[in-house]
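Now for the letters of each chain:
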Amino acid sequence: MKHTLCYSSLFCLYLRRFSPIVQTFQTVMKNIFRKGELFAAVFAALLLSACGEPQKSKSNWMAEDDVKVGIDETFQPIMEEIVQTFGMANPEANMKPLYASEDSVIRLLVNDSLRCCIATRPLDENEKKVVQSHTLGVKQVKVATDAIALIVNKENKDSLITLSEIKAIMRGEITRWEQLKRHQRSGELKVVFDHSASSTVRFMRDSLCDGKELKGNVFASEKGTNPSVIEMVKANPNLIGIVGVDWLKPKKESPLADFSGLDVNVMRVSKSDEIYAQKFVRPYQYYIATADYPLLRSLYLIETDPRSKSFVRSFYFFVKGQKGQTIICNNSQLLPLSPVQVKDVSIK
């Protein structure tokens, strides 16, 4: 017993150099050996362990922050698949996608409320300066090309329209069906889009109206979503609906090479007004690749995470890398950034 107490005392002297509570520990240890109280030994061990700094697991340090990704809601169909695939491959990542308007997700990124977003434009110089004021850098890269689709009711046989006619509609110069060169309908022509803060409206304003506000019979849908635009067009033959092309593809299906089986008609659009040069095409991946379809826009991935190793950074490289690009190519109507091969196929 004397030897035991001697070793215990030496052990306590050693611990005094590292913990302010060693005196309490020493008293407890003397009581252990004097009275043989086993529970006190357990208490002392717990007391010492509580005083130490907890060690972080090396395998979990990347998951300290949630993977918050702001996503332009126009691209929700394909981004849901990408987010799900990345989450399944990285089970420790706590995926938290936020689907909102493009204005909202960019504002959240600039204000450092999240550090990754999907939008149809890169940050401008003023936005970059705000991000840099948070001592953050900016990485932004184009990851795909999207198309804006024009849809009409199944009863509406007017499916041909030129780019100049679309511009005239958005500027309020064309408000009736009979003003179109290839019209079969007559009456008031109305255009419906998702909501005023969407990237689709910004595209129409900047690309079709030279940055000026939309005029004429152009209005937002009742629920402010792409699906609600489709439902309104299905119910009203006088409407032209404007949606992101990927909303036309049913979930879990390959890219559509034929829109004829849909509940709406997809209009054919020509870049030129000249009869000899007119080529009316729909927004299939092929005509996005050849740029024959005129209503095209880029899709950007923007990331501001300062850590060289994190799940946010990993998600950035996943989307722009081979796996993400393959998902975009095989599971959406968008055209990926990675090179694609276009081949002529003869069907007999």
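Our structure's up above, just so we're on the same page.
Residues numbered from 1 in each chain as written. Predicted model: local features only at pLDDT ≥ 70, side-chain atom pairs only at ≥ 80, totals over all residues. Heavy atoms only, no water.

Formed by 48 residues in total, the largest nonpolar core has its most connected members in Met 170, Ile 240, Leu 248 and Leu 295. Of all the elements in the fold, those that place two or more residues in this core are β4 (139-152), α7 (163-170), β6 (190-193), α8 (199-208), α9 (226-235) and β8 (239-244). Top element by residues in this core is β4. It accounts for six residues. Excluding its chain neighbours within four sequence positions, the residues that come into contact with Met 170 are Val 191, Met 204, Leu 208, Cys 209, Leu 214, Lys 215, Val 218 and Ile 242. Counting 27 residues, the second largest nonpolar core, distinct from the first, contains Phe 75, Leu 299, Leu 301 and Val 312. (Core = buried A, V, L, I, M, F, W, Y, C linked by side-chain atoms within 4.5 Å. Buried < 20%, exposed > 50% of the residue type's maximum accessible area, 1.4 Å probe, protein only. Helix = DSSP H or I, 4+ residues; strand = E, 2+ residues; numbered from the N terminus. Contact = heavy atoms within 4.5 Å.)

The next subject is the pairing of strand β1 (residues 67-72). Here β1 lies mainly inside the structure; five of its six residues are buried. Sheet analysis places β1 next to strand β2 (residues 95-100), joined by six bridges and oriented parallel. Bridging across to β2, Ile 71 finds its partner in Tyr 99. After leaving β1, the chain enters helix α4 (residues 76-89) and then returns to the sheet as β2, a path that is right-handed. (Pairing = 2+ DSSP bridges. Right-handed = clockwise from strand over helix to strand, strands pointing away.)

Contact geometry for α7 and α8: axes closest at 10 Å, N-to-C directions at 110°. Put simply, α7 runs roughly perpendicular to α8. On the side of α7, the interface is formed by Leu 163, Ile 166, Lys 167 and Met 170, while α8 contributes Met 204, Ser 207 and Leu 208. (Axes fitted to C-alpha atoms, helices over the stretch in contact; angles between N-to-C directions. Parallel < 35°, antiparallel > 145°, perpendicular 65-115°, else oblique.)

To continue, consider unusual backbone geometry. Even without glycine at this site, Thr 135 takes up a positive phi of about 60°. Tracing the backbone through its elements, the reader meets Thr 135 in the loop between α6 (125-133) and β4. You will see that Ala 291, though not glycine, has its phi angle at about 65°, which is positive. Among the secondary structure elements, Ala 291 is positioned in the loop between α10 (285-289) and β11 (296-303). In this structure Ala 291 comes out as partly exposed when scored by relative accessible area, which is 30%.

Roughly 300 Å³ of volume is contained in the second largest pocket. Top element by residues in the lining of the second largest pocket is α9. It accounts for four residues. Looking at side-chain class alone, the lining of the second largest pocket contains nine nonpolar, one polar and seven charged residues. (1 Å grid on protein atoms, 1.4 Å probe; cavity = no way out; pocket = protein on both sides within 12 Å on 5 of 7 lines; lining within 4 Å. Points joined across faces, edges and corners; volume = space filled by probe spheres on them. Nonpolar A, V, L, I, M, F, W, Y, C, P; charged D, E, K, R; others polar.)

Tallying each qualifying case throughout the model produces 17 salt bridges. The shortest N-O distance in the salt bridge between Lys 234 and Glu 231 comes to 3.2 Å. Of this pair, Lys 234 and Glu 231 both sit in helix α9, separated by three residues, roughly a single helical turn. (Salt bridge = Lys/Arg side-chain N within 4 Å of Asp/Glu carboxyl O.)

All right, on to the side chain of Thr 120 then. By the element assignment, Thr 120 lies in the loop between β3 (116-119) and α6. Under the relative-accessibility criterion, Thr 120 is labelled buried at 7%. A polar atom in the side chain of Thr 120 sits 2.4 Å from the side chain of Glu 102. Among residues more than four places away in sequence, those in contact with Thr 120 are Asp 72, Phe 75, Glu 102, Ser 199, Arg 202, Arg 297, Ser 298 and Tyr 300. (Polar contact = N/O pair within 3.5 Å; in protein donor to acceptor, adjacent residues only side chain to side chain.)

Further remarks concern the packing of aromatic side chains. Per the counting criterion, the structure on display carries five aromatic pairs. When the centroid spacing of 5.3 Å and the interplanar angle of 80° are considered together, the rings of Phe 86 and Phe 315 count as edge-to-face. Of this pair, Phe 86 sits in helix α4 while Phe 315 sits in helix α11 (residues 311-320), placing them 229 residues apart in sequence. When sorted by exposure, Phe 86 lands in the same class as Phe 315, which is buried. Ring centres of Tyr 286 and Tyr 287 lie 5.0 Å apart, and the angle between their planes is 80°; this geometry places the pair in the edge-to-face category. The partly exposed category is assigned to Tyr 287, whose relative accessible area is 22%. Here the aromatic residues Phe 86, Phe 315 and Phe 318 are joined through ring pairs into a cluster of three or more. (Phe/Tyr/Trp six-rings, centres within 6.5 Å; stacked < 30°, edge-to-face > 60°.)

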